[in-house]
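# Analysis of the macromolecular model
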Amino acid sequence: MSLNTEKSESSLLSSTGFCDWKHSHERLHNHEQSAEHLKATVAFSRRLKAIGRVDTELTQQVEHLEQYWRSVLKRVISIIHFIAEQGLAFRGDNELVGSPRNGNSLGILELISQYDDFLAHHIKNEANRGKGSHKLFVSYNNGRSYQHNG
């Protein structure tokens, strides 16, 4: 196969596609070895080194959010583990942060937030969000799930 023929087949693959899926492995291999593909790969690598990915900022935001929620989750799991070990009830009469009757899980979360700046900031910004008739809570009673308005 001449270089011109390979280049034209490679161009067809990248611009119009093809329907011969039985031989797709061969065609893809030929495309990946073509001068056109190699040139594009080198250009992409140079661009990546020079200015980074198009979604670099978005990727950093996602990583920051993942780390944030992992930190929240670690604290909540520790509280759940402690309450379960002690055989205590998790919930109180309500699920409102700041309420004296919100149960052991939220009560301990509030207690720890007095000494944990991260948790205090989280509770300040996220606590009791969406309370009212539009928020739907899922409760568990004897293994059966039902929904009620909060």
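Okay, so let's go over this structure. The structure displayed is predicted, hence computed values, not measured ones.

## Here we look at the overall build of the protein chain
The secondary structure content of the protein chain amounts to 6 helices and 2 strands. Going from N to C terminus, the protein chain has its helices and strands arranged as α-α-α-α-α-α-β-β. Counting every position in the protein chain, which comprises 150 residues, the buried fraction comes to 16%. Sequence-distant contacts in the protein chain: of pairs separated by 6 or more residues, those separated by 24 or more amount to 32%. Accessible surface for the protein chain amounts to roughly 11900 Å². Of this, 56% is attributable to carbon and sulfur atoms.

## Describing the packing of aromatic side chains
As enumerated under the stated definition, the model contains 2 aromatic pairs in all. Between Tyr-68 and Trp-69, the aromatic rings sit 5.2 Å apart at their centres with planes inclined by 85 degrees, giving edge-to-face as the arrangement. Within the aromatic cluster, the residues linked to one another by ring pairs are Tyr-68, Trp-69 and Phe-118.

## Points about the side chain of His-122
Topologically, His-122 is positioned in helix α6 (residues 117-126). Exposure remark for His-122: the relative accessible area of 9% places this residue in the buried category. Contact partners of His-122, with chain neighbours within four places excluded, come to Tyr-68, Trp-69, Val-72 and Ala-127.

## Digging into the nonpolar core
Formed by Ile-79, Ile-83, Leu-106, Ile-108, Leu-109, Leu-119 and Ile-123, the largest nonpolar core amounts to 7 residues. Going through the elements one at a time, α4 (56-86), α5 (103-113) and α6 are the ones with two or more residues in this core. For this core, the element with the most residues is α5, which contributes 3 residues. Once residues within four sequence positions are removed from consideration, Ile-79 is found in contact with Ser-105, Ile-108, Leu-109 and Ile-112.

## A short note on the packing of α4 against α5
Helix-helix packing is described using two parameters, namely the angle between the two axes and the distance between the axes. Contact geometry for α4 and α5: axes closest at 10 Å, N-to-C directions at 125 degrees. Taken together, the axes of α4 and α5 lie oblique to each other. Of the two possible hands of crossing, α4 and α5 adopt the one that is right-handed. Seen from α4, the contacting residues are Val-76, Ile-79, Phe-82 and Ile-83; seen from α5, they are Asn-104, Ser-105, Ile-108, Leu-109 and Ile-112. Of the residues in the contact of α4 with α5, the class split is 7 nonpolar, 2 polar and no charged.

## Some remarks on the packing of α5 against α6
Across the interface, α5 lies against α6 with an axial gap of 7 Å and an inter-helix angle of 125 degrees. What the angle tells us is that α5 and α6 run oblique. Listed contacts from α6 to Leu-109, Glu-110, Ile-112 and Ser-113 of α5 are Leu-119, Ala-120 and Ile-123.

## Focus: the pattern of salt bridges
Pairing between side chains of opposite charge can happen when their charged atoms approach one another. In this structure the tally under the stated criterion is 3 salt bridges. Glu-95 serves as the salt-bridge partner of Arg-91, at 2.8 Å between the closest nitrogen and oxygen. The exposure class assigned to Glu-95 is partly exposed, which follows from its relative accessible area of 33%. Arg-101 is the partner of Asp-93 in a salt bridge, and the nearest nitrogen-oxygen pair spans 2.0 Å. Across this residue pair, the class does not change: Asp-93 and Arg-101 are exposed.

Analysis parameters
- Residues numbered from 1 in each chain as written.
- Predicted model: local features only at pLDDT ≥ 70, side-chain atom pairs only at ≥ 80, totals over all residues.
- Heavy atoms only, no water.
- Helix = DSSP H or I, 4+ residues; strand = E, 2+ residues; numbered from the N terminus.
- Buried < 20%, exposed > 50% of the residue type's maximum accessible area, 1.4 Å probe, protein only.
- Contact = heavy atoms within 4.5 Å.
- Areas by Shrake-Rupley, 256 points an atom, 1.4 Å probe, with all protein chains shown as cover.
- Phe/Tyr/Trp six-rings, centres within 6.5 Å; stacked < 30°, edge-to-face > 60°.
- Core = buried A, V, L, I, M, F, W, Y, C linked by side-chain atoms within 4.5 Å.
- Axes fitted to C-alpha atoms, helices over the stretch in contact; angles between N-to-C directions.
- Parallel < 35°, antiparallel > 145°, perpendicular 65-115°, else oblique.
- Left-handed = near helix turned anticlockwise from the far one by under 90°.
- Nonpolar A, V, L, I, M, F, W, Y, C, P; charged D, E, K, R; others polar.
- Salt bridge = Lys/Arg side-chain N within 4 Å of Asp/Glu carboxyl O.

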